[in-house]
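The lines below spell out each chain.
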Amino acid sequence: MALLEIRDVVKTFGDFTAVNHVSLAVEAGEFFTLLGPSGCGKTTLLRMLAGFEQPDSGEILLDGKNMAGVPPEKRPVHTVFQSYALFPHMTVAQNIAFPLKMAGVAAAEVPKRVDEVLEDVRLQQFARRYPHELSGGQRQRVAIARALVNRPRLLLLDEPLSALDAKLREQMQIELINLQKEVGITFVYVTHDQGEALALSHRIAVMSQGQVEQLDAPETIYSYPKSRFVADFIGQCNLLDATITDVQPGRMKVEIEGVGTAEALPVPGAQVGGKGTLTLRPEKIKLGASLPQGGVDEVHFKGRVHDCLYLGDVTIYIVELDNGTLVETMLPNSGSGKAKFFDDNDLVELAWRFDAGHFVLA
Amino acid sequence: MKSKSLAKWLISGPPLLYLVLFFAIPSLIMAFAAFRFPGDYGGLLPLTAANPDTGATELLINFGNWRDFLTLENFQRFFEEPIYFELFVKSFWYAGLTTVICIVLAYPLAWLIARSPKKTRDLLVLLVILPFWSNFLIRVYAWMIILGPQSYFSRSLNYLLGLVGIEPVSLLFSQFAVIVGLVYVHLPFMVLPLYANLEKHDMALLDAAQDLGANAWQRFWKVTWPLSLPGVWAGTALVFIPALGMFAIPDLLGGTNSMMIGNLIKQQYLDSRDWPFGSVLSIMLTLTVLLLAALAGWAGSRGKDKR
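Residues numbered from 1 in each chain as written. Chains lettered and ligands numbered in written order. Predicted model: local features only at pLDDT ≥ 70, side-chain atom pairs only at ≥ 80, totals over all residues. Heavy atoms only, no water.

> Explain the overall build of chain B here, please?
Check the secondary structure of chain B and you find 12 helices and two strands. The order of helices and strands in chain B, counted from the N terminus, is α-β-β-α-α-α-α-α-α-α-α-α-α-α. In terms of overall dimensions, chain B is more spread out than a globule: its C-alpha atoms have a radius of gyration of 25 Å, far above the 19 Å expected for 307 residues. The principal-axis extent of the C-alpha atoms belonging to chain B is close to 85 × 75 × 40 Å. In chain B, buried positions account for 37% of the 307 residues. (Helix = DSSP H or I, 4+ residues; strand = E, 2+ residues; numbered from the N terminus. Rg over C-alpha atoms; globule rule 2.2 N^0.38 Å. Buried < 20%, exposed > 50% of the residue type's maximum accessible area, 1.4 Å probe, protein only.)

See the structure below:
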């Protein structure tokens, strides 16, 4: 049985449906991420798990127990808030001792437990500091320590890294992964940052307009998006509108209007005449002045460089196809000593393995 | 650099001058008066006199005869007669009780205002300060009518008391009336600083406390209350100190036994015209308040170290 089960949960605020018939299950020990743009319902779902909101319909089961009507203070669920919400009048140690005291842990045991968790987040020497005497990253770690000290069944994290700068964020991501492995507590993580979600999670639920669009492992979500929305939201992706012209076992043909025919892996439900989108990651596209033609498994097109973006390690080339569609491609700048291979308006050729693209039915 | 400090003086100069002229110097005059004798017809025994021959003003006091002009008798009187000490204790009790009642009444109100939508909030704050638009004495006289034996309030109360077999009570001219008056007049001074404090509280802290297992009672006493203490202290200073020196309310609403220290000081200056003893009472009141404030500050800083 899954640790957490969400069954057909609906939540509306007035006319607005924040969460629309969501069902999912989270296994014990999992690092599970709810990913989506703002307003997709991920925070509302999190607040329902914490108990701050009640679902209009549907059930939330934790360890098989229905959580309906259980107030936040009675749930074995703790939250790391986006603003950290550390108590400013308490020291780090007092902040962390707070949930222990609320749970009635024996006074003699409290300091030991506080020390243990301070060690986990490497903040032993800051125990007597007040929150305003800490840096953003340290505050973040105190908030996590405070939420973990009681060993909740479920730890909820509401965009916990969004207030940190990019470098610190990456460091904290590594710490979070290690911490989660170490303590073995189930994490439910909310973010709008797809990079963060891919880096941290065992599984990701991509949400849009109150619904789960796709629930899969990060690599599946990245490589095989189930919908145009997921493809577009996760990472950079080229979206080419196409129509199916031929379906064979193991292979199908799609017509990209004004450009030509491409081969792709067939998808369930594919039928000749079916419309959809060919999704193609920039790094999977080969780019060259002239590429060998006629490869059995390759799709091959011509284009013209429209824009170049030099990013240091790679250069992004935006290539315009015959029908005016812009396709993003990239070339690493390694080994050549050159910063750029092409300039604007250079004629180039594009190619990709037929199974690099992923067709999504409209 | 120099022009900057000049600007500083230009800005802070006038208010500083005002305070020196109308607060510091009068306070020193009063402190000095406490060591002088009362004059034959009240006031102070003069230290100067006009020379009958020349008409010039001459100083009467000198190193030989200063004992005829300066004395500790006034302080002696204060410490020897227990009635003054008792009056101090009673005044502190009234002011303390007023402060506590004000905190209890003002806290929920300030909380309600701080949690209202922005528009309602401004209206509610306006309503709190609205009484200031009418004269203080008129508002106290209104209480005389409300608490008077002929008012609907008194008559209904006594009717209800009669139903359960309790003797009718007289509300006006009692300690009860004095406390009601003191609380009524000072309540806004507690509401406003508390509101200013509570309004700034981060609601996420209460969510966090609840999430971490605190029930409503614990959330208040562990989070809201300690964070609101600066507001509570500000309100206490604004209520306790003026309430301590209040004389108009005991005069109008109090009976013979509800006199406060302020009444005695007023009596000494205006009725008995014993300025030196009035000065002693004022100084002792000021010193006691300062001592209490110092003690509170010391206790506060100790408490902080312990945390």
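And the narrative resumes.
> Even after reading the chapter, I still don't get the layout of surface pockets, so can you show me in this structure?
Gaps left between atoms are located by rolling a probe of water-molecule size over the structure's atoms. Residues and elements named next belong to chain B. By volume, the second largest pocket is sized at about 380 Å³. In terms of lining residues, the second largest pocket is bounded by 16 residues, among which F23, S27, M30, S282 and T286 are the most central. Elements with a contribution of two residues or more to the lining of the second largest pocket: helix 1 (2–33), helix 9 (216–245) and helix 12 (275–306). With seven residues, helix 12 is the single largest residue contributor to the lining of the second largest pocket. Grouping the amino acids of the lining of the second largest pocket by side-chain chemistry returns 12 nonpolar, four polar and no charged. (1 Å grid on protein atoms, 1.4 Å probe; cavity = no way out; pocket = protein on both sides within 12 Å on 5 of 7 lines; lining within 4 Å. Points joined across faces, edges and corners; volume = space filled by probe spheres on them. Nonpolar A, V, L, I, M, F, W, Y, C, P; charged D, E, K, R; others polar.)

> What am I meant to see in the UniProt feature "transmembrane region" (unreviewed entry) in chain B here?
UniProt records the feature "transmembrane region" (unreviewed entry) for residues 16–37, 92–112, 124–147, 227–249 and 277–299 of chain B in the present numbering. When the span residues 124–147 of chain B is considered, its composition is 75% helix and 0% strand, and the gap between its end C-alpha atoms is 27 Å. (UniProt positions renumbered as here; feature names shortened; annotations may be inferred.)

> So what exactly am I meant to see when it comes to the sheet that holds strand 16 (residues 298–310) of chain A here?
Remark on secondary structure: sheet strands pair via backbone hydrogen bonds, oriented parallel or antiparallel. All names here are of chain A. Spatially, the five strands line up as an open sheet ordered 15-19-16-17-18, and their pairing is antiparallel. Either end of the sheet is taken by a strand with one partner, and the two such strands are strand 15 (286–288) and strand 18 (326–332). For this sheet the average axis-to-axis angle between neighbouring strands, irrespective of direction, equals 40 degrees. Strand direction decides the pairing type here: strand 16 and strand 17 (residues 314–320), joined by six bridges, are antiparallel. For L309, the partnering residue across the bridge sits in strand 17 and is I316. (Pairing = 2+ DSSP bridges. Axes fitted to C-alpha atoms, helices over the stretch in contact; angles between N-to-C directions.)

> Sorry, what's going on with the side chain of T186 of chain A here?
Relative to the helices and strands, T186 of chain A resides in strand 8 (residues 186–191). Residues in contact with T186 of chain A, not counting those within four places in the same chain, are L3, V26, E27, A28, G29, E30, R153, L154, L155 and Q180 of chain A. (Contact = heavy atoms within 4.5 Å.)

> I keep staring at the packing of helix 8 (residues 203–211) of chain B against helix 9 of chain B and nothing clicks. Help me out?
Each packed pair of helices is defined by two parameters, the angle between the axes and the distance between the axes. Residues and elements named next belong to chain B. With their axes 10 Å apart at the nearest point, helix 8 and helix 9 run at an angle of 155 degrees to one another. Relative to helix 9, helix 8 is oriented roughly antiparallel. Relative to helix 9, the crossing made by helix 8 is right-handed. The residues of helix 9 that touch helix 8, namely those facing L205, L206, A209 and Q210, are R219, V223, T224 and L227. Residue composition of the contact of helix 8 with helix 9, grouped by class: five nonpolar, two polar and one charged. (Parallel < 35°, antiparallel > 145°, perpendicular 65-115°, else oblique. Left-handed = near helix turned anticlockwise from the far one by under 90°.)

> Would you explain a nonpolar patch on the surface in this entry?
Residues and elements named next belong to chain B. A cluster of nonpolar residues, W9, L16, L17, Y18, L19, V20, L21, F22, F23, I25 and I29, forms a patch on the protein surface that exposes about 1200 Å² of accessible area. Note on placement: V20 falls in helix 1. A relative accessible area of 38% places V20 in the partly exposed class. (Patch = residues over 30% accessible without salt bridge, like charges linked within 9 Å, V, L, I, M, F, W, Y side chains within 5 Å. Areas by Shrake-Rupley, 256 points an atom, 1.4 Å probe, with all protein chains shown as cover. Salt bridge = Lys/Arg side-chain N within 4 Å of Asp/Glu carboxyl O.)

> Mind showing me how you'd approach the UniProt feature "domain: ABC transmembrane type-1" (unreviewed entry) in chain B here?
As annotated in UniProt, the feature "domain: ABC transmembrane type-1" (unreviewed entry) corresponds to residues 88–296 of chain B in the numbering used here. Within residues 88–296 of chain B, the helical portion is 79% and the strand portion 0%, while the C-alpha atoms at the span's ends are 19 Å from each other.

> Looking at this structure, how should I read the pattern of salt bridges?
Think of it this way: side chains of opposite charge can pair up when their charged atoms draw near. Tallying each qualifying case throughout the model produces 23 salt bridges over all chains. K118 of chain B is paired through a salt bridge with D122 of chain B; the nearest N and O atoms lie 3.2 Å apart. Pair noted here: K118 of chain B and D122 of chain B are both in helix 4 (residues 118–129), with a separation of four residues, about one helical turn. Residue classification places K118 of chain B among the exposed positions, given a relative accessible area of 52%. Overall, the relative accessible area of 44% leaves D122 of chain B in the partly exposed class. Each member of the salt-bridge network shares a partner with another, and the members are K11, R47, E53 and D56 of chain A together with D207 of chain B.

> Any chance you could explain helix 1 (residues 42–50) of chain A here in plain terms?
Residues three or four positions apart in an α-helix share a direction because the helix packs 3.6 residues into each turn. Residue and element names in this part refer to chain A. Counting buried residues along helix 1, seven of its nine residues qualify, which places the element largely inside the surrounding structure. Those residues of helix 1 that sit buried are K42, T44, L45, L46, M48, L49 and A50. Just downstream of helix 1 lies G51, where phi reads positive at about 105 degrees.

> Any chance you could explain unusual backbone geometry here in plain terms?
Residues and elements named next belong to chain A. Of note, D8 is a non-glycine position whose phi angle comes to about 50 degrees, a positive value. Mapping D8 onto the fold places it in strand 1 (residues 4–13). Backbone geometry at N345 places phi at a positive 75 degrees, although glycine is not the residue there. Relative to the elements of secondary structure, N345 occurs in the loop between strand 18 and strand 19 (347–353).

> I keep staring at the domain arrangement of chain A and nothing clicks. Help me out?
As a measure of interface size, the accessible area lost when the parts come together is often cited. All names here are of chain A. Taken domain by domain, chain A holds domain 1 (2–228) and domain 2 (236–361). For domain 1 versus domain 2, the separation of C-alpha centres amounts to 39 Å. Contacts between domain 1 and domain 2 engage eight residues on the former and nine residues on the latter. Taking both sides of the interface into account, the surface hidden between domain 1 and domain 2 amounts to around 810 Å²; carbon and sulfur atoms contribute 49%. (Domains from an automatic or database assignment. Buried area = accessible area lost by both parts, 1.4 Å probe.)

> Please explain the UniProt feature "domain: ABC transporter" (unreviewed entry) in chain A as it appears in this structure.
Mapped onto the present numbering, the UniProt feature "domain: ABC transporter" (unreviewed entry) falls at residues 4–234 of chain A. The distance separating the terminal C-alpha atoms of residues 4–234 of chain A is 25 Å; by composition the span is 35% helix and 26% strand.

> Whenever I open this one, the packing of aromatic side chains confuses me. Can you help?
Aromatic ring pairs: the centre-centre distance and the angle between the two ring planes describe each pair. On inspection of all chains with the given rule, the structure shows 24 aromatic pairs over all chains. Taking the centre distance of 5.6 Å and the plane angle of 45 degrees together, the rings of F31 of chain A and Y189 of chain A count as tilted. With F31 of chain A in strand 3 (residues 31–35) and Y189 of chain A in strand 8, this pair connects stretches of sequence that are 158 residues apart. Considered together, F31 of chain A and Y189 of chain A belong to a single accessibility category, that of buried residues. Taken together, the ring pairs connect F78, F79, Y84, F88, F92, F240 and F277 of chain B into an aromatic cluster. Geometry around F354 of chain A places R251 of chain A over its ring, the cationic atom sitting 3.9 Å from the centre. Sitting over the ring of W111 of chain B, R115 of chain B keeps its end group 4.9 Å from the ring centre. (Phe/Tyr/Trp six-rings, centres within 6.5 Å; stacked < 30°, edge-to-face > 60°. Lys NZ or Arg CZ within 6 Å of the ring centre and 35° of its normal.)

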